[in-house]
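# Analysis of the macromolecular model
The chain contents come next:
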Amino acid sequence: MNLILLGPPGAGKGTQAKRLEEKFNIIQLSTGDMLRAAIASGSDVGLKAKSIIDSGGLVSDDVMVQMISERVDQEDCKNGFILDGFPRTVAQAEALDIMLAEKGLKIDHVIELKVDENILFDRIRSRIAETPEAERRSDDTEETLRTRLAVFREQTAPIIPYYADLGALKSVDGMASITEVSDQIDTIVAA
Ligand code: ADP
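Residue positions within a chain follow its written sequence, with the count starting from 1. Only residues with pLDDT of at least 70 get local features here, since the model is predicted, and only at 80 or more are side-chain atom pairs given and counted; chain-wide, interface and lining totals rely on the full set of residues. Calculation of side-chain values draws on the structure's entire complement of heavy atoms; hydrogens and water are dropped beforehand.

## Remarks on the overall build of the chain
Labels follow the DSSP assignment, with helices taken as runs of H or I lasting at least four residues and strands as runs of E lasting at least two, numbered in each case from the N terminus. The helix and strand inventory of the chain stands at nine helices and five strands. Its helices and strands in sequence order give the chain the pattern β-α-β-α-α-α-β-α-β-α-α-α-β-α, from N to C terminus. Only C-alpha atoms enter the radius of gyration, while the globule expectation follows 2.2 Å times N to the 0.38, with N the number of residues. Computed over C-alpha atoms, the radius of gyration of the chain comes to 16 Å, within 12% of the 16 Å expected from 2.2 N^0.38 for 191 residues, which places it in the range of a compact globule. Projected onto its principal axes, the C-alpha coordinates of the chain cover approximately 40 × 40 × 30 Å. The buried share of the chain, reckoned over its 191 residues, is 43%. Within the chain, contacts between residues separated by at least 24 positions form 75% of all contacts whose residues are at least 6 apart in sequence. Element-wise, carbon and sulfur atoms account for 52% of the exposed surface of the chain, whose accessible area totals about 9,800 Å². None of His or the chain ends enter the tally, which takes Lys and Arg as positive and Asp and Glu as negative. Charge placement uses NZ in Lys and CZ in Arg. For Asp and Glu, CG and CD serve respectively. Taking the 22 positively charged and 33 negatively charged side chains of the chain as two groups, their mean positions are separated by 2 Å. Remark: exposure states derive from per-residue accessible area (1.4 Å probe, protein chains only) relative to the maximum for the residue type, with buried under 20%, exposed over 50%, and partly exposed in between. Contacts between residues were defined by any pair of non-hydrogen atoms, one from each residue, lying within 4.5 Å. Surface accessibility follows the Shrake-Rupley procedure with a 1.4 Å probe radius. Residue values consider only the protein chains on display as shielding.

Next up, the structure:
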């Protein structure tokens with residue numbers, strides 16, 4: 001089973017992806033985590049990505065599509081995967097469709113976590129405040145957060161109608177409790 005989790009920063013994609021990993025024995029592919037690993041390893045991609053990420057912008061579509069394409073080919077993805085943070089632009093969504101078709105794969109469910117944007121800002125602000133500075137992501141600052149939310153609205157939100165038009169989109173109430181959101185996702189996945 002292959003899933004896409006959609007939603008703005010702070011919507012709870014990571015939390016739900018972790019749970020889905022265990023429940024269905026599939027792999028979470030977080031492009032944010034993959035990029036942070038690339039930065040930590042000092043690779044070419046990491047070096048280029050660092051300043052973009054810290055400013056709250058998006059890494060180029062080509063780099064991201066290539067990164068996901070290579071990752072999906074690995075053995076641990078055989079049972080399925082959860083895309084978290086990808087696709088983030090309509091161009092990435094289109095490239096993903098083509099890439100998966102070439103591999104003989106498809107997405108089973110596109111799940112949108114619907115959240116109130118006004119509350120998101122407070123959610124992430126408290127996540128920042130609760131995390132010790134040494135463990136904080138370098139892009140978890142209030143200023144970058146504002147940019148990330150604006151980038152989501154402008155560049156990522158258009159993929160919601162893209163998947164709705166394909167008839168692939170299912171939405172859950174991301175403002176509900178973690179267990180309620182999980183239950184809603186399970187219902188979609190079981191259908
Ligand atoms: P968030 O918590 O804001 O959802 P992520 O951990 O998913 O953030 O990603 C952090 C940063 O990594 C993004 O702000 C962006 O710069 C970069 N990034 C992650 N995924 C993508 C992608 N699919 N396309 C372009 N840039 C990406």
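Additional details are given in the paragraphs that follow.
## Notes on the packing of helix α2 (residues 31-41) against helix α4 (residues 61-72)
It is the contact of α2 with α4, at a shortest axis distance of 11 Å, that shows an interaxial angle of 95 degrees. One way to sum up the angle between α2 and α4 is to call them roughly perpendicular. Every residue of α4 that contacts α2 at T31, M34 and L35 is listed here: M64, M67, I68 and R71. Its residues assigned to classes, the contact of α2 with α4 shows five nonpolar, one polar and one charged. The axes are straight lines fitted to the C-alpha atoms, using for helices just the contacting stretch, and the angles between their N-to-C directions are given from 0 to 180°. Angles are sorted into four bins: roughly parallel if under 35 degrees, roughly antiparallel if over 145, roughly perpendicular if 65 to 115, and oblique for all others. Classification convention: Asp, Glu, Lys, Arg as charged; Ala, Val, Leu, Ile, Met, Phe, Trp, Tyr, Cys, Pro as nonpolar; all other residues, Gly among them, as polar.

## Quick notes on the site of the ligand
Contacts to the ligand come from 18 residues, most closely from T31, G57, G85, Q92 and R148. Each polar contact in these results corresponds to two N or O atoms within 3.5 Å; when the atoms are within protein, one needs to be able to donate a hydrogen and the other to accept it, and residues that are neighboring in sequence are counted only if both atoms are side-chain atoms. At 2.5 Å, a backbone N or O of G57 approaches an oxygen atom of the ligand. The contact in question runs from a nitrogen atom of the ligand to an N or O atom on the backbone of V59, over 3.1 Å. Notes on the ligand: free accessible area 550 Å², of which the protein chains cover 96%. Among the elements that line the shell around the ligand, the one with the most residues is α2, at four residues. Nearness is judged by heavy atoms alone; a residue qualifies as near a molecule or strand once a single heavy atom is within 4 Å of it.

That's the geometry; what it means functionally is another story.
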